[in-house]
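# Analysis of the macromolecular model
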Amino acid sequence: MNIRYLCAALLLALSAAAWSQPGAAPDNEEEYLAWAKGVWESLDRQTGDIKLADAVATLHVPDNFYYLNPEDSAKVLTDIWGNPPGEPVLGMLFPADSTPFDRDSWAVTVEYEDSGYVSDEDANEIDYSELLTQMKADARTASAARQKQGYEPFTLVGWAEPPRYEEASHKLHWAKEIQFGDQAAHTLNYNIRVLGRKGVLVMNFIADMAQKPLIDSQLDSVLDMAEFDQGHTYADFNPDIDKVAAYGLGALVAGKVMAKTGLLAAALLFLKKFGIVIVAGIGAFFRKIFGRKEPQ
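All figures in this text were calculated on a predicted structure; none of them were measured in a lab.

The next thing to look at is the overall build of the protein. Check the secondary structure of the protein and you find 8 helices and 10 strands. By the burial criterion, 55% of the 296 residues in the protein qualify as buried.

This paragraph deals with the packing of aromatic side chains. Overall, the coordinates contain 13 aromatic pairs when judged by the stated rule. Judged by centre distance (5.8 Å) and plane angle (35°), the rings of Trp106 and Phe205 are tilted. Of this pair, Trp106 sits in the loop between strand 4 (91–95) and strand 5 (107–113) while Phe205 sits in strand 9 (residues 200–208); the two residues are 99 residues apart in sequence, bridging distant segments of the chain. Taking relative accessible area as the criterion, Trp106 reaches 4% and is therefore assigned buried. Residue Phe205 is classed as buried on the basis of its relative accessible area, which comes to 3%. Plain terms: the ring middles of Phe154 and Phe180 are 6.2 Å apart, the flat faces sit at 45° to each other, and that makes the pair tilted. Note that Phe154 is positioned in strand 6 (residues 154–166) and Phe180 in strand 7 (residues 171–180), a separation of 26 residues in sequence. Phe154 gets classed as buried once you look at its relative accessible area, which sits at 7%. Residue class for Phe180 comes out buried when judged on its relative accessible area of 7%. Counting every residue linked through ring pairs, the aromatic cluster contains Trp40, Tyr66, Trp81 and Phe94. Above the face of the Trp40 ring, Arg45 is positioned so that its terminal group lies 4.0 Å from the ring centre.

Another point: the side chain of Asp72. Along the chain, Asp72 falls in helix 3 (residues 70–80). Judged by relative accessible area, Asp72 falls into the buried class, the value being 5%.

Another point: the nonpolar core. Counting 32 residues, the largest nonpolar core has Leu52, Leu59, Leu201, Met203 and Phe205 as its most contacted members. Secondary-structure elements contributing two or more residues to this core are strand 1 (48–52), strand 2 (57–61), strand 3 (65–68), strand 5, strand 8 (187–195), strand 9, helix 5 (212–225) and strand 10 (226–228). The element best represented in this core is helix 5, accounting for 5 residues. Not counting residues up to four positions away in its chain, the partners in contact with Phe205 are Trp106, Ala107, Val108, Leu188, Tyr190, Ile192, Ile215, Leu219 and Val222. Of all hydrophobic cores here, the second largest spans 30 residues; its members include Ile126, Tyr128, Phe180 and Phe237.

This part takes up the environment of Ser129. With respect to the element layout, Ser129 can be found in helix 4 (residues 128–148). The exposure class of Ser129 is exposed, given its relative accessible area of 56%. With 29 residues separating them along the chain, Ser129 and Gly158 place their C-alpha atoms 9.6 Å apart.

Read across the sheet, 3 strands follow the order 1-2-10 without closing on themselves; strand pairing throughout is antiparallel. Edge positions in the sheet fall to strand 1 and strand 10, since each has one partner strand and no second. The mean angle between the axes of side-by-side strands here comes to 25°, regardless of whether they run parallel or antiparallel. Inspection of the sheet shows strand 1 paired to strand 2 by 5 bridges, in the antiparallel sense.

This next bit is on the pattern of salt bridges. Pairing is possible between side chains of opposite charge, provided their charged atoms come close. Going through the model one piece at a time under the given rule, you end up with 5 salt bridges. The salt bridge partner of Asp229 is Lys51, with a shortest N-O separation of 2.1 Å. Of this pair, Asp229 sits in the loop between strand 10 and helix 6 (249–254) while Lys51 sits in strand 1, and the two are 178 residues apart along the sequence. In this structure Asp229 comes out as buried when scored by relative accessible area, which is 18%. We classify Lys51 as exposed; its relative accessible area is 53%. Residue Arg197 is joined to Asp242 by a salt bridge in which the shortest nitrogen-to-oxygen separation is 2.6 Å. Remark: Asp242 occurs in the loop between strand 10 and helix 6 and Arg197 occurs in the loop between strand 8 and strand 9; sequence separation between them is 45 residues. Taken together, the salt bridges that share partners define one network made up of Glu161, Lys212 and Asp216.

In this section: helix 3. Among the residues of helix 3, those classed as buried are Asp72, Ser73, Val76, Leu77, Thr78, Asp79 and Ile80. Buried positions along helix 3 lie against helix 2 (29–42), strand 3, strand 4, strand 5 and strand 9. Near the N-terminus of helix 3, the side chain that reaches the backbone nitrogen of Glu71, with its oxygen 3.1 Å away, is that of Asn69. Positioned one or two residues after helix 3, Gly82 has a phi angle of 75°, which is positive.

Cut-offs and rules
- Residues numbered from 1 in each chain as written.
- Predicted model: local features only at pLDDT ≥ 70, side-chain atom pairs only at ≥ 80, totals over all residues.
- Heavy atoms only, no water.
- Helix = DSSP H or I, 4+ residues; strand = E, 2+ residues; numbered from the N terminus.
- Buried < 20%, exposed > 50% of the residue type's maximum accessible area, 1.4 Å probe, protein only.
- Phe/Tyr/Trp six-rings, centres within 6.5 Å; stacked < 30°, edge-to-face > 60°.
- Lys NZ or Arg CZ within 6 Å of the ring centre and 35° of its normal.
- Core = buried A, V, L, I, M, F, W, Y, C linked by side-chain atoms within 4.5 Å.
- Contact = heavy atoms within 4.5 Å.
- Pairing = 2+ DSSP bridges.
- Axes fitted to C-alpha atoms, helices over the stretch in contact; angles between N-to-C directions.
- Salt bridge = Lys/Arg side-chain N within 4 Å of Asp/Glu carboxyl O.
- Polar contact = N/O pair within 3.5 Å; in protein donor to acceptor, adjacent residues only side chain to side chain.

See the structure below:
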């Protein structure tokens with residue numbers, strides 16, 4: 001059994017304990033309202049050019065989005081959304097008219113894999129239908145391991161959006177549709193990979209399947225934000241001194257090389273699991289901020 005699959009299953013088990021972590025949301029409505037206001041006001045929402053620490057890359061964040069730094073992103077992922085503590089992300093992106101407390105919120109996590117130069121020579125040779133068949137088989141294996149641990153199974157339903165590689169910008173993106181147990185609402189696992197000289201910038205949407213049309217409408221905006229710095233772009237690769245990854249684009253899509261999380265682990269790691277039903281006071285607070293926005 002691949003240890004990466006077991007790690008993914010364990011992440012879900014840990015999520016149940018996330019609410020007991022220091023800083024997590026209280027389960028009393030009045031206390032939750034006060035806590036939520038304090039957390040929202042503490043978030044450093046940034047726009048403009050954001051230099052990503054240790055990632056040799058920059059995010060160009062327009063006014064219709066905002067960026068949260070790693071510390072604030074941890075607040076969102078663990079304290080607000082109830083994910084277990086884990087490897088820190090480099091940041092998160094939110095639409096400007098949305099807060100992490102909104103039921104219909106969505107976001108993009110940003111990470112960096114220092115894995116070496118990934119060749120795109122096989123970009124036009126990959127059979128993504130065949131690759132999906134392999135991925136579904138891997139998912140069944142991972143799901144069986146989860147069930148043995150006492151957790152609900154999951155199914156890789158298929159492509160929500162087939163992989164597409166943009167050769168000019170060296171950006172790869174695709175989306176998977178995932179079902180947990182017999183839940184009617186499916187999870188959208190939308191992925192972006194930006195290839196660089198020495199590694200890959202990893203951007204993952206956190207959203208529900210029903211939000212796919214909205215995500216599709218914002219995809220180009222998000223793709224345009226990420227850029228490697230001069231000297232670290234894909235075109236700056238020097239075969240005489242740079243490390244070459246031992247895999248290509250197909251392996252990126254299949255998740256075979258995600259050392260930290262593994263196949264489909266991102267869908268398990270980052271979910272929205274609010275601690276209580278958001279009360280009217282929260283809705284009124286955010287309506288006051290935006291003049292119209294209210295959690296659903």
